Amino acid sequence: MAPSVAQIESVVSDPIQVAKENLKTQAAEKTGEIEYDTSKTPSYPAYLPYFDVNEKFPPLELFDHVDPGSRADPKKPHLLTPNVETTHISPYLGTEVKGIQLSSLGKEGLDELALLVAERKVVIFRDQDFKDLGPERQIEIAKHFGPIHVHPTSGNVKGFPEFHVVYRDAKHNRFQEYTGGNRINHTSWHSDVSYERQPPGTTFFFILDQPEVGGGDTLFLSQVEAYNRLSPEFQKRLEGLKAVHSAVYQADFSRKRNGPVRREPVETEHPLVRVHPVTGEKALYVNQGFTRHIVGYRAEESEYLLKFLFDHISKGADFQIRARYEPGTVVVWDNRVTAHSATPDFSSTFRRHAVRLTPQAEVPSEKF
């Protein structure tokens, strides 16, 4: 008989045994012998993904954006108080923070948060009450960083389309469908909705339910360090080039599943190398999720160069980190200078439920 969830939970303390049980579970899933635990319900049912095919929104309009980090005190006295503990995960990106609640930050503290995230690219806050604040307050905090992006196809929260809901359980596994069910692995580096004319900047992601046997982490990489690793001559060759970022595949995928397309898909040209408006750092701005071709290049030329860049960022393990989730975790990252990938490495006997709030930022530019 296939292992039950209770049996798997009993071996959590032994990682080798966990791996063995996961293999058994995966085999049982394929044969239909798995015993799903239906006794547990979502901890936050109000945040379950909501799909309404009749939900429509107008095209996004351009707006003036001033990054809150530009007005922050570099010493960050309202954020990095004496009681706060910080641990850097990598020299290039990633800092873990304990000892302060995001919900307690005022205007100055949120400005300092924008600056810290711009500098460290990914900041992981532990032991947060953020998930219990309610949607109105969560949206209010995120809006400090820009207008909240309403996703054109993903599940949202009923009555609050600003939320992008990430959900997977035994009956819902859209991620592997979207990235391709016939792939050896499901790592898919992307920068969220980079096809928009004003893609996101400071982004919030908080966990509601997570697998009890590990897994479900998020991989992040620094596009700044990826750019820095290139030779000066190659950097010069990339500067001035633009690439097309497309929402068409995402919209087509949703339509094929009878899902919503709340806005018609757009295709936008962005520079291959963009500059952060606050730090002044240059970063690659390409990702395999949405970047389709380089403007002015023939198909073979574009494919060759993009493949090199995609391989470069995906193989750069020394400028990548793995964000590990635990109850109360909120991850805040700068979507302009990072790429990330989900890690669907957990058995579908477990639920993973998280929510993203995605404030838009400036039009990508090669100079500020």
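Computed from a predicted structure; not experimentally measured.

Draft legend 1. Representation of the overall build of the protein chain within the structure. The secondary structure content of the protein chain amounts to nine helices and 15 strands. Out of the 368 residues in the protein chain, the part that is buried amounts to 54%. Within the protein chain, counting contacts between residues at least 6 apart in sequence, those at least 24 apart form 83% of the total. A total of about 17000 Å² of accessible surface is found on the protein chain, and carbon and sulfur atoms cover 52% of it.

Draft legend 2. How the structure looks around the pattern of salt bridges. Counted by the stated rule, this structure contains 24 salt bridges. The closest approach of N and O atoms between Arg274 and Glu362, which form a salt bridge, is 2.9 Å. Highlighted residues: Arg274 in strand E9 (residues 273-275) and Glu362 in the segment after strand E15 (352-357), separated in sequence by 88 residues. Arg274 sits in the buried class, given a relative accessible area of 2%. A relative accessible area of 7% means that Glu362 is categorised as buried. Between Asp345 and Arg322 there is a salt bridge, with the nearest N and O atoms lying 2.8 Å from each other. Of this pair, Asp345 sits in the loop between strand E14 (338-342) and E15 while Arg322 sits in strand E12 (residues 320-323); the two residues are 23 residues apart in sequence, bridging distant segments of the chain. For Arg322, a relative accessible area of 42% translates into the label partly exposed. One connected set of salt bridges, linked through shared partners, spans Asp67, Arg274, Asp334, Arg336 and Glu362.

Draft legend 3. Focus on the environment of Val248. The residue Val248 is located in helix H8 (residues 248-256) in this model. Remark: the alpha-carbon pair of Val248 and Tyr195, spanning 53 residues in sequence, is separated by 9.4 Å. Residues contacting Val248, with those up to four places away along its chain left out, are Pro265 and Glu267.

Draft legend 4. Layout of the sheet that holds strand E7 (residues 242-246). Taken in spatial order, the three strands line up as E8-E7-E11 in an open sheet, and their pairing is antiparallel. Across the chains shown, the open sheet's two edge strands, defined by having one partner strand only, are strand E8 (267-271) and strand E11 (291-294). Averaged over all pairs of adjacent strands, the angle between strand axes in this sheet comes to 30 degrees, irrespective of strand direction. With three bridges joining them, E7 and E11 adopt antiparallel strand pairing. Bridge pairing in E11 links His245 to Thr291.

Parameters and conventions
Along each chain, residues carry numbers from 1 onward, in the same order as the chain's sequence is written. At least 70 in pLDDT is required for a residue's local features to be given in this predicted model, at least 80 for side-chain atom pairs to be given and counted, and no such filter applies to totals for whole chains, interfaces and linings, which use all residues. Excluded from the side-chain calculations are hydrogens and water; all other atoms, namely the structure's heavy atoms, are used. Secondary structure is summarised from DSSP: a helix means a run of H or I of at least four residues, a strand means a run of E of at least two, and numbering begins at the N terminus for each. Note on classification: 1.4 Å probe, protein chains only; a residue is buried when its accessible area is under 20% of the maximum for its type, exposed when over 50%, partly exposed between these limits. In this analysis, two residues are considered to be in contact whenever any of their non-hydrogen atoms come within 4.5 Å of each other. Only the protein chains shown count as covering a residue, and every accessible area follows the Shrake-Rupley method with a 1.4 Å probe. What counts as a salt bridge is simple: a side-chain nitrogen of Lys or Arg found within 4 Å of a carboxyl oxygen of Asp or Glu. DSSP calls a pair of strands paired once it identifies at least 2 bridges connecting them. Note on definitions: angles span 0 to 180 degrees between N-to-C directions of axes, and those axes are lines fitted to C-alpha atoms, for helices only across the stretch in contact.

These figures capture arrangement, not role.
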